[in-house]
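Breakdown of the fold
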Amino acid sequence: MQSNTKGQGLITLTTDFGTADWFVGTMKGVIARINPRATVVDISHEIPFGDVRAGALALAASCRFFPARTVHLVVVDPGVGSARVGLAIETEDYLFVGPDNGVLSWALIGQKVKAVHRLENERLFLKPVSRTFHGRDIFAPAAAHLSAGVPCSDLGPRQRGWRRLHWPRTKSEGDAICGQVIYVDRFGNSISNLREDACGFARSKAGVCLVGRVPCPLRDSYGAVPIGRPVAIWGSSGLLEIAVNGGSAARRLDLKVGSPVKFLTKPVPCKGQRGSVKGRPRP
Amino acid sequence: MQSNTKGQGLITLTTDFGTADWFVGTMKGVIARINPRATVVDISHEIPFGDVRAGALALAASCRFFPARTVHLVVVDPGVGSARVGLAIETEDYLFVGPDNGVLSWALIGQKVKAVHRLENERLFLKPVSRTFHGRDIFAPAAAHLSAGVPCSDLGPRQRGWRRLHWPRTKSEGDAICGQVIYVDRFGNSISNLREDACGFARSKAGVCLVGRVPCPLRDSYGAVPIGRPVAIWGSSGLLEIAVNGGSAARRLDLKVGSPVKFLTKPVPCKGQRGSVKGRPRP
Amino acid sequence: MQSNTKGQGLITLTTDFGTADWFVGTMKGVIARINPRATVVDISHEIPFGDVRAGALALAASCRFFPARTVHLVVVDPGVGSARVGLAIETEDYLFVGPDNGVLSWALIGQKVKAVHRLENERLFLKPVSRTFHGRDIFAPAAAHLSAGVPCSDLGPRQRGWRRLHWPRTKSEGDAICGQVIYVDRFGNSISNLREDACGFARSKAGVCLVGRVPCPLRDSYGAVPIGRPVAIWGSSGLLEIAVNGGSAARRLDLKVGSPVKFLTKPVPCKGQRGSVKGRPRP
């Protein structure tokens, strides 16, 4: 590899391995042996065990903030050792490596895919290949080779498509759009599947969400409601979030993945919404 | 930036974001896009949510161990989205970036401050700026630009001062100096606000602390008292710590932030203090 | 140091410091000041407090996956401040730095040791040396200097040997080999001391483990048994693991470090073992 900037050898890592054991560190050792110039950035290693959807969301929410040609490696792989296939996918902007179980699919929405290859070139594997740690023996070497400039097509035969995770649908119901919580972050903020750039939401100057019967006024910041009060906010990933100022919306409103969230497009007055929202929410 | 050593592009990162979500990784992506040569070192991402004092202490205790010109970025920012200002502060040794809520102030004690600028140059922001993640959209870009050699003055207008956190005072009471616990570390060691280099403590050859009625003899190492017994020790940050050999002082003595600690300057004999302390404690 | 590839300045870090406090970040600052070109890879910072055996296993399981000349630094050091010695050990492949309490010993099994030196050259210490944080003041500087090309012999006087941890013995009992659990990972997989490459196990085409009275059939993958059922598998470190498909073997079978595990060399039929295992387990 002739590149001499770190960005050209950047690999991100998203797994459900945790950080207590030596698994993630070992993968980084394997990467360093193949491409000593690679820089590895951890996205998360605390994806809940085998939770392909949570891994897919973490990747989709973070990948586009990295430099072009970054290799995004995801190992959330409940099927390790089974017949599931490993993939390398090249888009116009990035390279993605992971098991073909849907974990890559949300990140690929809206990306121009140039090539999809199965990880079947055994010459690039770390030998002997273990039965239980393909992250170390198959996926990390693939990402390292890609980061060093090995073309995607060297990794194995071309494949037509990839497994796609269903993105939970939203539904119109009169003056409401109904969605659901898809992720709860460490602060208890509950991220829904309602997208700012869809459904004309970007033009909403005001609004209110219903979580059960609790109204959550749409605001520009957590602090726009009193401490302890719920608020709806267009989050940093472009999705509607339910939060509680200074607290955990998940705990306070008993929210979890799948909990219904209703966005009222014709807002009704509600407690906690005093006066009008100032300024248009930035897109 | 012309520098070609990693140290000149070093950024430390201290946040309350946790590591389960994609927030920290995303900030590193933003940094890599702006300065591919930057190296990011995590100080902690487990500052308790919104705990500005804990963030201030983590930064103050660690910052001076880094190479000159390191950029220290702290995002403990309960006021995100409110009117609070973001700052870049240049000292003779380092650059500091964070919200102006006091989180930078303890690190600045004793540093020669050369410039203070508000982060208001929108051309350096990541656009669109989200309402909830200024760490990604404002602070990370500022740190990345500084690490790449952009002068502090390019980030925004000069500001006179910065918000300072109150450092808990110590009080003399007869032959005792009274302080309090300011931090409990992962081992349960309870760090107090009693400084070795103040009050003539550096010359104390012996001493004893009182935690409630429990005497904790001043020693040179945890192992100088029997397993399970409390000990006072000049900790690695120059502050008096209460520890329990092989155990947790916080649990054993029910210590938390704010718990009073009394240092007796004229030590009285106590159980656990057999014989004199050998050698002068190293400074 | 003239080397200009990152691999030649690679340092791994294994501690029981946790990641909530600023201890690990501070060590990285110290390293960056001494060798700005060094890259640090975290193996784990969640070794249970003072658990020398867990630290030894993490190091032994991961170290050989790193590039030659990597400096492996381990700070699991319940004796900090006592008379225990710090060591730098050079082998044909790697450099190891840590306290002489056995934590390095399992990684050294099978390695050709070239030199053992005590860390007693005070000119290389970070001054003033604290009483409680030799990781920062003695060990990190030693590793940094080694990574920058300083010879092992500069660190202090030669020493003959190093403290070795006892590797729990296995015992033959009729047609069974009896071992024990030595580690439980984050998934609840329970790693035993039964080695694939010893006792002719490598040739075992089939087999069954007994955990108490629960038979665990030897399989090639977790998914080879129904969800919720126990399975024995040759793990990625070459040791026999007890797992539960989609669950935690530790919780389901009440396993902890020290729990007995019996491998039957003449397998008897058992529930969950339907049909023969296909293919020889890869070595």
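For the structure, see preceding data.
Thresholds, definitions, all that
- Residues numbered from 1 in each chain as written.
- Chains lettered and ligands numbered in written order.
- Predicted model: local features only at pLDDT ≥ 70, side-chain atom pairs only at ≥ 80, totals over all residues.
- Heavy atoms only, no water.
- Pairing = 2+ DSSP bridges.
- Helix = DSSP H or I, 4+ residues; strand = E, 2+ residues; numbered from the N terminus.
- Axes fitted to C-alpha atoms, helices over the stretch in contact; angles between N-to-C directions.
- Contact = heavy atoms within 4.5 Å.
- Buried < 20%, exposed > 50% of the residue type's maximum accessible area, 1.4 Å probe, protein only.

Let's talk about the sheet that holds strand β4 (residues 86-91) of chain B
Residues and elements named next belong to chain B. Within the open sheet, the 6 strands sit side by side as β2-β1-β3-β5-β4-β6. Their pairing is mixed. The open sheet has two edge strands with one neighbour each: β2 (39-44) and β6 (113-118). For this sheet, the mean angle separating the axes of adjacent strands, direction not counted, is 20°. Bridge count between β4 and β6: 5 bridges; the pairing is antiparallel. Paired with I89 across the strands is V116, a residue of β6. Relative to the sheet, helix α4 (residues 134-147) contacts β1 (10-15), β3 (71-75), β4 and β5 (95-99), its axis offset from that of β3 by approximately 175°.

What about the pairing of strand β13 (residues 239-244) of chain B?
A regular strand carries its side chains on alternate faces of the sheet. All names here are of chain B. Judged by how many residues are buried, β13 sits mostly within the fold: 6 of 6 residues are covered. Burial of the side chains of β13 extends over both faces: L239, E241 and A243 are buried on one face and L240, I242 and V244 on the other. Pairing of strand β9 (residues 190-195) with β13 involves 3 bridges; the strand directions are antiparallel. The residue bridging I191 from the neighbouring strand is E241, located in β13. Bridging between strand β12 (residues 230-234) and β13 involves 5 bridges; their strand directions are antiparallel. Among the inter-strand pairings, I233 is bridged to a residue of β13, identified as E241. In this antiparallel pair of consecutive strands, β12 and β13, the connection spans 4 residues, and G238 shows a positive phi of 80°.

Considering the sheet that holds strand β5 (residues 95-99) of chain C
Residue and element names in this part refer to chain C. With respect to topology, 6 strands assemble into an open sheet ordered β2-β1-β3-β5-β4-β6, the strand pairing being mixed. Each edge of the open sheet carries a strand with a single partner, namely β2 (39-44) and β6 (113-118). Recorded for the sheet is a direction-independent mean angle of 20° between the axes of neighbouring strands.

Let's talk about the pairing of strand β14 (residues 260-264) of chain C
Residue and element names in this part refer to chain C. Bridge count for strand β8 (residues 176-184) against β14 is 5 bridges, and the pairing is antiparallel. Residue A176 lies in a different strand from β14, and its bridge partner there is L264. As paired elements, strand β10 (residues 208-211) and β14 share 3 bridges and run antiparallel to each other. In the sheet register, L210 faces β14, and the bridge partner there is K262.

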